[in-house]
Amino acid sequence: MIGILAQGGSGPVIPDFGGGGAGNSCVRDNGFFCWNWFQQNWSDTFQPRLIEHIELTVVALAIGFVISFAAALFAYRYKWFDFPFTTFSAFLYTIPSLALFQVLVGITGLTLATALIPLVTYTLLILFRNTLIGLQEVPDEVREAARGMGLTRRQILWRVELPLALPAILAGLQIAAVTVVSLATVAAFVYDHGLGSPIFDAINRGTFKTELIGAGGLAILLGIASYAFFAVIQRVATPWARYRRA
Amino acid sequence: MTSLDTAHDEGPSARSGASGGTAAEIVFDSVTKRYAGQEQPAVDNLSLTIGAGEICMLVGPSGAGKTTALKLINRLIDFEEGDITIDGRGVRGENVTALRRGIGYVIQQTGLFPHMTIAANIATVPRLLRWDKQRIRARIDELLELVGLEPEYAKRYPAQLSGGQRQRVGLARALAADPPVMLMDEPFGALDPITRGRLQEEFLRLHARVSKTVVFVTHDIDEAIKMGDRVCVLRQGGRLAQYDPPDVLLARPVDEFVADFVGADRGLKRLSLRRVGDLHLLPAPSARAGEDGTAARARVAEVGYETLILVDDDGRPQGMIGRDSLNGPVNASDARSIGVFGRLDMPLRDALSVMLSQAGSHLVVVDDDGRLAGLVSADLISAELAGTDASARAFDADEVPT
Amino acid sequence: MITATVFQFFGDNTSLLLDQCVWTLKMFGAAFGIAVLIAVPLGVWLGHIHRGAFLAINISNVGRALPSLAVIAIGLTIFGLGFLNVMIALVILAVPVILTNAYVAVDGVDSDLTEAARGMGMTGLQTLWRVELPIALPLLFAGMRTAALYVVATTPLAALAGADGGLGDVIANQASYRFVGVVTASLLISLLAFAIDGLFALLQRSATPRSLRGRRGIEAKGSVLEAT
């Protein structure tokens with residue numbers, strides 16, 4: 001039933017658990033984690049997969065952000081746009097990820113687009129809502145003071161409203177990044193890319209533990225790292241937010 | 001600089017030439033503002049001239065359109081009927097952002113930008129006007145000093161400041177580009193009474209230094225009387241009820257609405273506007289210890305008093321001695337305590353209160369050096385109120401006690 | 001057109017799909033039930049003693065950052081293929097959300113109320129049971145609701161990890177069930193999610209005292225947690 005996985009020929013050497021093969025007793029016995037093997041396969045399996053995963057995440061996040069940001073600015077100006085976009089992105093959000101990947105295979109084939117499109121769609125709701133709410137929660141008196149001091153509409157948006165929405169926007173990016181890292185592993189089911197590939201490989205080859213732990217561990221570390229990355233950005237970019245009253 | 005030195009006829013406009021700052025005359029000419037879908041206009045045919053350098057207080061019940069009237073000046077609210085001019089130039093003819101950059105704007109919730117430091121907040125308009133960095137930095141230092149904040153506040157964020165401090169920053173930010181006009185919308189309304197009182201007084205002192213034309217909205221009639229050169233009372237529907245200096249407003253409200261609005265205690269309020277030093281004090285019979293008692297007794301009898309004020313060699317009151325004890329040389333051991341002294345900068349209201357609490361008919365007044373200046377009596381106070389109705393004058397910022 | 005074929009597929013495969021639904025619900029029930037049993041008492045207790053904020057908040061943050069498939073993959077090495085592994089992975093993913101909400105819900109009860117309760121002579125447990133828990137309940141349910149949705153939406157991944165059953169099996173096997181099978185199974189997952197969400201919405205509502213209903217505060221609190 002996992003037959004579909006067997007695409008892509010760049011996987012690591014198939015270990016032979018029965019003996020011989022790799023000539024490594026740990027691998028032969030499918031030990032819990034064979035550090036040797038992990039090291040040997042770092043440069044041609046794990047490292048490139050990790051980089052692919054990061055690239056996929058960054059690209060999906062960037063596209064999602066551009067779309068959501070533009071949509072949020074539009075909805076901020078024209079309130080009627082909020083409801084349809086929220087409804088649309090919430091609808092996309094509720095589709096099980098695996099299903100969306102599978103459905104897209106029928107349309108865009110086993111390509112990067114099939115992996116990328118669902119990842120982008122899952123960022124839309126969070127990024128759109130957080131940006132819009134961040135803008136809407138700018139206190140009226142701040143907006144009025146800005147107007148009263150003679151800032152133009154554009155100046156108010158870029159100098160006052162968006163900086164004040166930044167914590168909410170960054171919080172959105174943080175959740176979106178973590179979500180994309182997670183779903184990108186699933187994407188490997190339809191497009192041989194990222195850290196999901198060695199995971200599926202390992203399952204296919206009889207749950208090869210070292211590879212599962214290596215790839216799974218890297219994915220977990222990447223998830224936590226992306227969470228921490230945005231936590232740091234938030235702290236550095238919005239020093240004032242620390243003093244905000246509850 | 002005692003209050004005695006300030007001539008009664010020194011009008012508010014005399015201050016417009018004070019050092020530092022510019023001021024401009026604001027004229028409302030038959031201004032009417034109607035909101036769509038509302039029957040009653042928010043501001044109804046308002047005509048008003050606010051002299052350059054004056055503080056004009058807009059008061060009235062809610063729904064009287066005072067904030068609306070204020071926001072018409074910097075066109076935060078647009079209007080179609082009538083015109084408002086600042087130094088002769090109609091606000092509707094100006095580019096709206098340029099107009100606003102030339103008008104300081106202070107609001108109750110301060111509207112400070114939470115993401116900017118105090119320095120960056122103050123620098124907002126100078127940056128829009130593309131001042132060079134050095135000039136902006138110098139201006140920030142100057143303004144922090146002016147509003148009474150330590151220079152190290154420059155690097156903090158608004159959330160790190162108390163309410164009163166934030167309002168000071170709001171004031172500094174509005175003053176940054178030295179605008180000739182300041183609009184203040186209940187700036188002290190959210191502060192506790194003690195902070196509010198302090199900021200009111202500091203603002204008056206500051207205004208005496210920088211001289212701006214100030215339009216100040218408040219719902220607090222006491223604040224209006226305390227701060228205003230003139231008070232503009234608006235009634236429901238944005239119609240002008242009375243526009244006069246505070247003392248005139250209190251002495252001669254034009255109708256029942258204004259009388260009600262200023263309150264039944266308006267007589268007492270007028271007492272707050274005047275100070276002991278404004279009165280022609282009654283002469284006080286005094287003597288040093290060791291002086292001839294009989295002569296002193298004669299002096300006391302001459303003005304019809306029962307007691308003599310004992311003073312030291314510098315003329316500072318030490319106590320009082322009953323007329324009957326004045327036999328032989330004046331003896332310090334005969335003196336009784338005087339209690340609380342009046343001071344020249346004491347509002348008449350406070351002087352009266354002291355008199356009532358000491359159950360005496362007179363109050364001994366000392367000058368700034370503590371020397372005997374004279375006596376105040378309740379009669380003197382009521383005569384002052386009655387006598388100056390005709391020549392009621394504006395409260396002068398220079399008289400604020402320090 | 002697609003609706004018709006979906007119905008036809010459903011009609012042709014009713015018993016299979018119902019079996020898979022039951023499997024999915026079993027998986028959900030087991031994982032969610034265990035997660036609640038672990039996270040609610042712990043979160044409530046920590047909230048009651050107002051300790052462990054760091055733990056409660058950060059566990060949730062780290063938990064949120066765990067890629068679900070990676071957790072399942074690592075679980076495979078310990079528990080092997082099958083139901084148990086997927087269930088444990090789902091428990092790991094659900095616990096942080098419930099724990100944090102439970103903690104915040106109880107910790108956030110107005111201290112005036114707990115002080116008043118103590119002042120009236122209630123013991124710590126009585127305060128917890130009669131004052132803190134009733135007030136914390138709506139937010140506590142909000143956390144459970146979020147976690148429940150997450151668990152249901154993640155069950156299809158079980159199929160990728162060799163667990164034999166569930167609607168994910170159908171979704172993952174486009175080769176056998178074709179496009180229409182994927183769509184039908186996805187719809188069923190969404191329906192299950194919808195039903196479970198509705199159930200928890202109802203619980204959350206009935207747990208909110210009538211006097212507080214309609215006030216946005218409590219429900220909003222739950223969603224703020226999700227958004228940060």
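Chains are numbered independently. Their residues run from 1 in the order of the written sequence. Key to labels: chains lettered from A, ligands numbered from 1, both in the order written. Local features in this predicted model are restricted to residues of pLDDT 70 or higher, and side-chain atom pairs are both shown and tallied only at a pLDDT of 80 or more, whereas totals for entire chains, interfaces and linings draw on every residue.

Trainee: Explain the overall build of chain B to me, using residue names and the numbers behind them.
Mentor: Only runs of H or I of at least four residues qualify as helices and only runs of E of at least two qualify as strands under DSSP, and these elements are numbered from the N terminus. When its secondary structure is counted, chain B shows 14 helices and 16 strands. In terms of overall dimensions, chain B has C-alpha extents of about 85 × 50 × 35 Å along its principal axes. For chain B, with 402 residues in total, the buried portion stands at 46%. We call two residues in contact when the distance between their C-beta atoms, placed using the backbone, is within 7 Å. Sequence-distant contacts, at least 24 apart, represent 67% of the contacts inside chain B between residues at least 6 apart. Our exposure labels follow a C-beta count within 10 Å of each residue's own C-beta, placed from the backbone: buried means 20 or more other C-beta atoms, exposed means 12 or fewer, and partly exposed covers the counts in between.

Trainee: Which residues make up unusual backbone geometry, and what are the values?
Mentor: Even without glycine at this site, B:Ser30 takes up a positive phi of about 45°. Mapped onto the elements of the fold, B:Ser30 is located in strand S1 (residues 26-33). In this structure, C:His50 takes a positive phi of about 55° despite not being glycine. Here C:His50 shows up in the loop between helix H2 (14-49) and helix H3 (53-64). Residue classification places C:His50 among the exposed residues on the basis of 12 C-beta atoms within 10 Å.

Trainee: Could you give an account of the domain arrangement of chain B, naming the residues involved and the relevant values?
Mentor: Interfaces are often sized by the amount of accessible area the parts lose when they come together. Residues and elements named next belong to chain B. A domain assignment, automatic or from a database, supplies the domain bounds used here. As far as domains go, chain B holds domain 1 (13-102 + 179-272) and domain 2 (277-387). A straight line from the C-alpha centre of domain 1 to that of domain 2 covers 42 Å. Across the boundary between the two partners, domain 1 contributes five residues, which contact five residues of domain 2.

Trainee: Go over the sheet that holds strand S8 (residues 213-217) of chain B with me, naming the residues and quoting the values.
Mentor: Residue and element names in this part refer to chain B. One open sheet holds the six strands; their spatial order is S6-S7-S8-S3-S9-S10, and the pairing between them is mixed. In the strand order of this sheet, the two ends are held by strand S6 (103-107) and strand S10 (239-244), each with one partner. Neighbour to neighbour, the strand axes of the sheet diverge by 15° on average, direction disregarded. In this scheme, strands are said to pair when DSSP sees at least two bridges between them. In the sheet, strand S7 (residues 181-185) pairs with S8 via five bridges, with the strands oriented parallel. Residue pairing across strands places Met-184 opposite Phe-216, the latter belonging to S8. A fitted line through C-alpha atoms serves as each axis, taken over the contacting stretch for helices, and the angle formed by two N-to-C directions is quoted from 0 to 180°.

Trainee: Please give an account of the interface of chain A and chain B that cites residues and values.
Mentor: On the side of chain B, 19 residues touch chain A, which itself brings 18 residues to the contact. Elements supplying a minimum of two residues to the side of chain A that touches chain B: helix H7 (140-148) and helix H8 (153-187) of chain A. Broken down by element, the side of chain A that touches chain B gets its largest block of residues, six residues, from H7(A). In terms of residue class, the side of chain A that touches chain B is made up of nine nonpolar, four polar and five charged. The nonpolar class holds Ala, Val, Leu, Ile, Met, Phe, Trp, Tyr, Cys and Pro. Asp, Glu, Lys and Arg form the charged class, and all remaining residues, Gly among them, are polar.

Trainee: Lay out the packing of helix H3 (residues 42-77) of chain A against H8(A) with the relevant residues and their values.
Mentor: All names here are of chain A. Remark: H3 packs on H8, axes separated minimally by 9 Å, with the N-to-C direction vectors making an angle of 135°. Considered as vectors, H3 and H8 are oriented oblique to each other. The two elements H3 and H8 cross, and the hand of that crossing is right-handed. Here H3 contributes His-53, Leu-56, Thr-57, Ala-60, Leu-61, Gly-64 and Phe-65 to the contact with H8, which in turn contributes Leu-173, Ala-176, Ala-177, Val-180, Val-181 and Ala-184. Of the residues in the contact of H3 with H8, the class split is ten nonpolar, three polar and no charged. Throughout, the term roughly parallel applies to angles under 35 degrees, roughly antiparallel to angles over 145, roughly perpendicular to angles from 65 to 115, and oblique to all others. In this scheme the crossing of two helices becomes right-handed for a clockwise turn of the near helix relative to the far one and left-handed for an anticlockwise turn of less than a right angle.

Trainee: Could you give an account of the interface of chain A and chain C, naming the residues involved and the relevant values?
Mentor: With 36 residues of chain A at the interface, the matching set in chain C holds 37 residues. Of all the secondary structure elements, the ones that give two or more residues to the side of chain A that touches chain C are helix H5 (97-108), H8, helix H9 (196-204) and helix H10 (209-237) of chain A. In terms of residue count, the dominant contributor to the side of chain A that touches chain C is H10(A) (eleven residues).

Trainee: Pulling in residues and values, what's your account of the sheet that holds strand S11 (residues 286-288) of chain B?
Mentor: All names here are of chain B. Pairing in this open sheet of three strands is mixed, and the strands run S11-S12-S13 from one edge to the other. In this open sheet, the two strands that pair with only one neighbour each are S11 and strand S13 (317-322). Pairs of neighbouring strands in the sheet enclose a mean axial angle of 35°, with direction left out of account. Bridge count between strand S12 (residues 307-311) and S13: five bridges; the pairing is antiparallel. By the bridge assignment for S13, Leu-310 is matched with Gly-319.

Trainee: Please provide a residue-by-residue account of the pairing of S12(B), values included.
Mentor: Within a regular strand, the side chains alternate between the two sheet faces. Residues and elements named next belong to chain B. Most of S12 sits inside the fold, with four of its five residues counted as buried. Alignment of S11 against S12, held across three bridges, turns out to be parallel. Looking at S12, one finds that Arg-288 is bridged to Val-311. Orient the strands so they point away from the viewer; a crossover is then right-handed if the path from the first strand over the helix to the second runs clockwise. Crossover S11 to S12 through helix H12 (residues 293-302) is right-handed.

Trainee: Just give me the short version of H9(A), but keep the residues and values in it.
Mentor: Counting buried residues along H9(A), eight of its nine residues qualify, which places the element largely inside the surrounding structure. Among all positions in H9(A), only A:Gly196, A:Ser197, A:Pro198, A:Ile199, A:Phe200, A:Asp201, A:Ala202 and A:Ile203 are buried. Packing partners of the buried residues in H9(A) comprise H3, H8 and H10 of chain A together with helix H4 (68-79) of chain C. Just downstream of H9(A) lies A:Gly206, where phi reads positive at about 90°.

Trainee: Which residues make up the nonpolar core, and what values go with them?
Mentor: Only buried Ala, Val, Leu, Ile, Met, Phe, Trp, Tyr and Cys residues enter a nonpolar core, and they are joined through C-beta atoms within 7 Å. Grouped together as the largest cluster of nonpolar side chains are 210 residues, with contacts concentrated most on A:Leu119, A:Ala187, B:Leu58, C:Ala94 and C:Ile98. Ignoring sequence-local partners within four residues, the contact set of A:Leu119 consists of A:Leu56, A:Ala60, A:Val180, A:Leu183, A:Ala184 and A:Ala187. Core analysis: the next-biggest nonpolar cluster, separate from the first, contains 28 residues, B:Val276, B:Leu310, B:Leu344 and B:Ala351 among them.

Trainee: Quick one: what's the story with the arrangement of the chains, residue by residue and with numbers?
Mentor: Where the two pairs of chains in contact are concerned, the greatest contact count is recorded for chains A and C. Across the gap from chain B to chain C, with no contact made, the nearest C-alpha atoms are 19 Å apart.

Trainee: Lay out helix H7 (residues 124-154) of chain C with the relevant residues and their values.
Mentor: Helix length check: H7(C), at 31 residues, gives a terminal C-alpha distance of 38 Å against a target of 45 Å (1.5 Å per residue), a shortfall beyond 12%. Two axes define the bend at a residue: one fitted to the seven residues ending there, one fitted to the seven starting there, and the bend is the angle between them. Approximately 50° is the largest bend angle found in H7(C), and it occurs at C:Leu137, with the proline C:Pro138 only one to four residues beyond. Multiplying one less than the number of residues by 1.5 Å gives the expected span of a helix.

Trainee: Go over the environment of B:Leu348, please, and point to the residues and values.
Mentor: Residue and element names in this part refer to chain B. Locating Leu-348 in the fold gives a position in helix H13 (residues 348-357). A C-alpha to C-alpha distance of 9.7 Å links Leu-348 and Ala-378, two positions 30 residues apart in sequence. Contact partners of Leu-348, with chain neighbours within four places excluded, come to Leu-271, Arg-274, Arg-275, Val-276 and Ile-381.

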